[in-house]
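Each chain, written out:
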Amino acid sequence: MVVDMAKKDMYVRLLDTVLDRVAKSVTKSGDRELVLRPVLIHGGRNVILSNLKQIAEALNREPEHIARFMLKETGRAGAVEEDRLVIQGRITPEEVRRLIELYVKEFVKCPICGGIDTRLVSEKKFRFVVCEVCGAKNPVRKI
Ligand SMILES: [Zn+2]
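Computed from a predicted model, the values in this text were never measured in an experiment.

Asks: How do you make sense of the environment of C113 when you look at a structure like this?
Replies: Of note, C113 is situated in the loop between α3 (93–107) and β7 (118–123). Placed 18 residues apart in sequence, C113 and C131 show a C-alpha to C-alpha distance of 8.5 Å.

Here it is as structure tokens:
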């Protein structure tokens, strides 16, 4: 397989300073940069990730999949309610950003070319990240 090193320029950036957009895209010929900003609302005993759906759409993943990952990684209870993820207990914005970074690394980013335009595909018992850029197909764990 031919790997185009220029594609390594594609990456996902997580910021807490960009307020006006969830994703900005398309600079040139397939290069794409995503800016994700998790928006958290701190309740009494919960933390609500209020833009789960936008993050999921930007990453082309199911909100429930991202939610399962976050809850499993943190060992916390929680649930998807409409477009939001309600997490029981305390969680800091930094932890949430780190979780999304880990999710992107494991379930979005192509390990071959670094592209982020990928699909999650189920085949029998197995799950794969299929890259739209280079066509690579890499197995991922089921969550
Ligand atoms: Zn790729």
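Asks: What should I look at first to understand the nonpolar core in this one?
Replies: The nonpolar side chains of soluble globular proteins are, as a tendency, buried together. Within the largest apolar cluster, 29 residues are counted, with the highest numbers of intra-cluster contacts made by L49, L59, I66, M70 and L85. Taken together, the elements giving at least two residues each to this core come down to β2 (33–36), β4 (46–49), α1 (52–59), α2 (63–74), β6 (84–88) and α3. Sort the elements by how many residues they give to this core and α3 lands first, with six residues.

Asks: Explain the sheet that holds strand β8 (residues 126–131) here, please?
Replies: Each strand in a sheet pairs with another by means of backbone hydrogen bonds, the pair being arranged parallel or else antiparallel. If you walk across this open sheet you meet the three strands as β7-β8-β9, and the pairing is antiparallel. Single-partner strands in this sheet number two, and they are β7 and β9 (137–140). Going across the sheet, the axis of each strand differs from the next one's by a mean of 30°, ignoring polarity. Relative to β8, β7 is paired through six bridges, and the arrangement is antiparallel. For V121, the partnering residue across the bridge sits in β8 and is F128.

Asks: Hey, could you run me through the coordination of the zinc ion in this one?
Replies: Note on metal sites: the ideal angle is 109.5 degrees for four tetrahedral donors, and 90 or 180 degrees for six octahedral donors. Binding of the zinc ion to the protein goes through C110 (SG), C113 (SG), C131 (SG) and C134 (SG), at separations of 2.3 to 2.4 Å. Coordination at the zinc ion is tetrahedral: its four donor atoms span angles of 104 to 115° at the metal. Along the chain, the residues donating to the zinc ion fall in the pattern C-x2-C-x17-C-x2-C. You can see C113 sitting in the loop between α3 and β7 and its partner C131 sitting in strand β8, a full 18 residues away along the chain. The exposure class of C113 is buried, given its relative accessible area of 3%.

Asks: Would you mind showing me how to read the sheet that holds strand β3 (residues 40–42) here?
Replies: The strand order across the open sheet built from four strands is β3-β4-β6-β5, with neighbouring strands paired in antiparallel fashion. At either end of the open sheet lies a strand with only one pairing partner, and these are β3 and β5 (78–81). Adjacent strand axes in the sheet meet at a mean angle of 20°, parallel and antiparallel pairs treated alike.

Asks: Is there a simple way to think about the pairing of β8 in this case?
Replies: Regular strands have side chains that alternate between both faces of the sheet. For β8, the tally of buried residues reaches five of six residues, placing the bulk of the element in the interior. From the end of β7 to the start of β8, which pair antiparallel, there are two residues, and K124 there has a positive phi angle of about 50°. Linkage of β8 to β9, two consecutive antiparallel strands, is achieved through a turn of five residues, within which G135 is found at a positive phi near 85°.

Asks: It is not clear to me how the packing of aromatic side chains should be interpreted in this structure. Could you clarify?
Replies: Given two aromatic rings, their pairing is described by the distance between the two centres and the angle made by the two planes. What the rule picks out here adds up to three aromatic pairs. Ring centres of F69 and F107 lie 5.8 Å apart, and the angle between their planes is 75°; this geometry places the pair in the edge-to-face category. Of this pair, F69 sits in helix α2 while F107 sits in helix α3, placing them 38 residues apart in sequence. F107 gets classed as buried once you look at its relative accessible area, which sits at 0%. Taken together, the aromatic side chains of F69, Y103 and F107 make up a single cluster linked through ring pairs. Between K137 and the ring centre of F128, over which it is positioned, the NZ or CZ distance is 4.7 Å.

About the thresholds
Residues numbered from 1 in each chain as written. Predicted model: local features only at pLDDT ≥ 70, side-chain atom pairs only at ≥ 80, totals over all residues. Heavy atoms only, no water. Helix = DSSP H or I, 4+ residues; strand = E, 2+ residues; numbered from the N terminus. Core = buried A, V, L, I, M, F, W, Y, C linked by side-chain atoms within 4.5 Å. Buried < 20%, exposed > 50% of the residue type's maximum accessible area, 1.4 Å probe, protein only. Pairing = 2+ DSSP bridges. Axes fitted to C-alpha atoms, helices over the stretch in contact; angles between N-to-C directions. Donors = N, O, S within 2.8 Å, 3.2 Å for Na, K, Ca; no water. Tetrahedral: all angles 85-135°; square planar, octahedral: opposite > 155°, others 65-115°. Phe/Tyr/Trp six-rings, centres within 6.5 Å; stacked < 30°, edge-to-face > 60°. Lys NZ or Arg CZ within 6 Å of the ring centre and 35° of its normal.

In short, the description is geometric, and any link to function would need to be established separately.
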